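Architecture at a glance
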Amino acid sequence: MPIVLINPNLVVQRNDPFTTGIVYMPISLAYTAATLRQAGYAVKVIDAFAAQPRQAARQGKFLLLGLSTEQVVAELPEDARAAFVYAINLTNHRSTIAIVSALKRARPHLPVIVLENTQAVTAYALAQVAEDFYAAGADYVLTGEGDQRAVKLVQALENGSAPKELQSIDGLGAPTFYNPLQGFLDQEALDDLPFPAWDLFPLENYWNLRFAHGPQSTRRYLPLLTSRGCPYPCRFCVVPATNNQKWRPRSAQNVVDEIEYYLQRFGVSEFHVEDLDPTISDQRIRAICHEIVARGLKVTWKIAAGTKVETMRDEETIDLMAQAGCHYISISPETGSPRLLKAMRKPFDLDHAVRLVKRMNQVGIHSQACFVLGYPGETEEDLQMTWDLVRELTRQGVDEIALFIITPVPGSAIYEQFAGYDDLSELNFTPTWRTDYKKLSRFRLRLYASFLFWKLRYHPLKILRQPFNFLRRKFETKMEMVPYRALMLKWLEFKAH
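Structure report, in brief. Note that the structure is a prediction, hence the values are computed from the model and not measured.

Residue Asn244 is not a glycine yet carries a positive backbone phi of 55°. Residues other than glycine seldom take positive phi values, yet Gln245 does so here, at roughly 55°. Following the sequence through the fold, Gln245 ends up in the loop between helix 9 (239-243) and strand 13 (248-249). For Gln245, a relative accessible area of 37% corresponds to the partly exposed category.

Structure representation (structure tokens):
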């Protein structure tokens with residue numbers, strides 16, 4: 001009688017395959033699978049996206065990749081004892097809802113639980129939108145870290161626990177109650193977790209796409225979570241709500257044990273670090289580097305989801321990271337405006353960022369700088385400051401920029417300040433429903449074009465390398481990989497017509 005874990009379809013906004021359609025491997029779901037298995041349960045994973053990543057279906061302005069809901073239901077074992085549907089990202093909301101609804105129609109008595117993703121800025125706080133899931137047929141919504149809570153919930157359901165006993169599981173909600181989160185896993189608990197159960201997932205299908213969240217430069221890669229949470233209170237971000245501003249690291253030895261295990265088990269030597277903030281402790285990131293070097297591991301690792309640049313203390317840390325195989329670091333200035341940074345509650349040391357980007361360029365670490373446009377109260381002067389900062393970072397050697405138009409995320413402090421969308425899947429980085437979208441989009445396109453011009457002027461050899469990387473599918477930056485992904489998505493849309 002297996003526990004079934006379901007990753008939903010990838011949802012792409014058809015008019016923008018460049019900033020939507022990003023592939024994230026479901027690492028928190030893989031942790032939950034491993035923890036359930038360690039507790040003695042049989043586990044079956046249905047990865048609705050990766051099982052058939054080149055199967056596409058149009059739904060209005062969206063393109064859904066992966067299994068149909070009928071195919072998902074057909075994969076469900078007759079003797080399944082519970083089904084967890086992973087709310088991996090906000091943009092996949094319509095797929096998550098559709099799968100919940102299909103499961104409940106096919107198996108009315110099967111407990112269906114929606115599982116929150118707490119370790120991504122692209123996710124959402126499920127307590128804010130739980131009614132959507134209950135209306136679709138979900139029995140429970142499980143918020144917070146799912147690893148151990150999922151085991152507790154399955155045990156309670158097995159024992160036929162009364163609602164009062166179920167309410168003792170913190171983070172668990174149902175149509176009649178919600179028990180708020182009480183705590184988070186600390187370093188000792190994180191080190192005790194089994195490594196993610198990637199053997200249950202269709203890894204080859206992910207690898208064969210040849211694009212990922214981070215720039216994929218080898219045949220095989222896997223994501224890592226070396227820490228959880230983030231201590232910062234940024235108002236546009238969901239993470240303060242899902243992690244209560246708590247950062248919790250794994251030990252350096254435990255992280256490198258996982259890297260070494262994947263080298264031996266899967267032959268993987270490329271790792272994409274998907275932490276919210278992996279370098280909060282400069283001492284720990286140095287310890288990870290020393291451990292990799294001491295073991296003689298020949299690996300490449302990339303900080304794909306971003307990190308707080310100030311937490312990397314100085315050039316010595318950058319040098320050590322390069323020595324240990326770090327090839328890519330994403331940072332998030334967000335804006336060049338000190339006034340707007342204060343309004344966002346986003347602490348950022350612009351001078352420190354420029355200095356460390358310069359060092360990354362010198363030691364061969366590719367860098368990305370991410371910015372948000374359209375924050376409430378942003379002025380033309382603020383946008384000009386962002387423009388100026390992008391130019392300075394480009395001069396110092398930043399390899400790519402990413403420009404995201406602000407969208408409200410359930411759980412973020414600014415969520416209630418926006419209106420005009422009809423579907424939570426519209427809450428992506430190309431929010432065409434915003435009344436100022438056309439203006440912001442024009443600014444974004446001009447800044448991207450200027451960035452490429454500045455890069456050609458200051459670092460012409462980098463520009464010349466990009467076509468070769470694209471053709472070889474050995475991507476050093478996301479900007480090289482994105483056109484490849486966009487072309488594939490457009491081809492899949494054409495075939496789905």
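On we go from here.
If you walk through the whole model with that rule in mind, you get 36 salt bridges. One network of salt bridges, in which partners are shared, links Asp282, Arg286, Arg313, Asp314 and Glu316.

A separate point is helix 3 (residues 93-106). Taking 1.5 Å as the rise per residue, helix 3 with 14 residues should run 20 Å; its terminal C-alpha atoms sit 20 Å apart, in good agreement. Looking only at helix 3, the buried set comprises His93, Ser95, Thr96, Ile97, Ile99, Val100, Ala102, Leu103 and Lys104.

Topologically, Thr32 is positioned in helix 1 (residues 27-38). What Thr32 contacts, discounting residues up to four positions off in sequence, is Leu5, Leu115, Gly146, Asp147 and Ala150.

A few words on the sheet that holds strand 5 (residues 62-65). What links the strands of a sheet is backbone hydrogen bonding, and the strands pair in either a parallel or an antiparallel sense. Spatially, the 3 strands line up as an open sheet ordered 2-5-4, and their pairing is antiparallel. Unpaired on one side and paired on the other, strand 2 (10-13) and strand 4 (56-59) mark the two borders of the sheet. When the angles between neighbouring strand axes are averaged without regard to direction, this sheet yields 25°. Pairing of strand 4 with strand 5, which is carried by 4 bridges, proceeds in the antiparallel orientation. Its bridge partner being in strand 5, Ala56 is matched across the sheet by Leu65. Against the sheet, helix 3 engages strand 2, strand 4 and strand 5, with an angle of about 55° to strand 5. Running at roughly 95° to strand 5, helix 18 (residues 478-495) makes contact with strand 2, strand 4 and strand 5 of the sheet.

Below, the discussion takes up the pairing of strand 6 (residues 82-87). Regular strands have side chains that alternate between both faces of the sheet. Among the 6 residues that make up strand 6, 6 are buried, leaving the element largely enclosed by the rest of the structure. Burial along strand 6 is two-sided: Ala82, Phe84 and Tyr86 and Ala83, Val85 and Ala87, pointing in opposite directions, are all buried. What joins strand 6 to strand 7 (residues 112-116) is helix 3, and the crossover it makes is right-handed.

Moving on, we come to the environment of Gln71. Its location among the elements puts Gln71 in helix 2 (residues 69-75). The sequence separation of Gln71 and Ala48 amounts to 23 residues, and the corresponding C-alpha distance is 8.6 Å.

Definitions and cut-offs
Residues numbered from 1 in each chain as written. Predicted model: local features only at pLDDT ≥ 70, side-chain atom pairs only at ≥ 80, totals over all residues. Heavy atoms only, no water. Helix = DSSP H or I, 4+ residues; strand = E, 2+ residues; numbered from the N terminus. Buried < 20%, exposed > 50% of the residue type's maximum accessible area, 1.4 Å probe, protein only. Salt bridge = Lys/Arg side-chain N within 4 Å of Asp/Glu carboxyl O. Expected span 1.5 Å × (residues − 1). Contact = heavy atoms within 4.5 Å. Pairing = 2+ DSSP bridges. Axes fitted to C-alpha atoms, helices over the stretch in contact; angles between N-to-C directions. Right-handed = clockwise from strand over helix to strand, strands pointing away.

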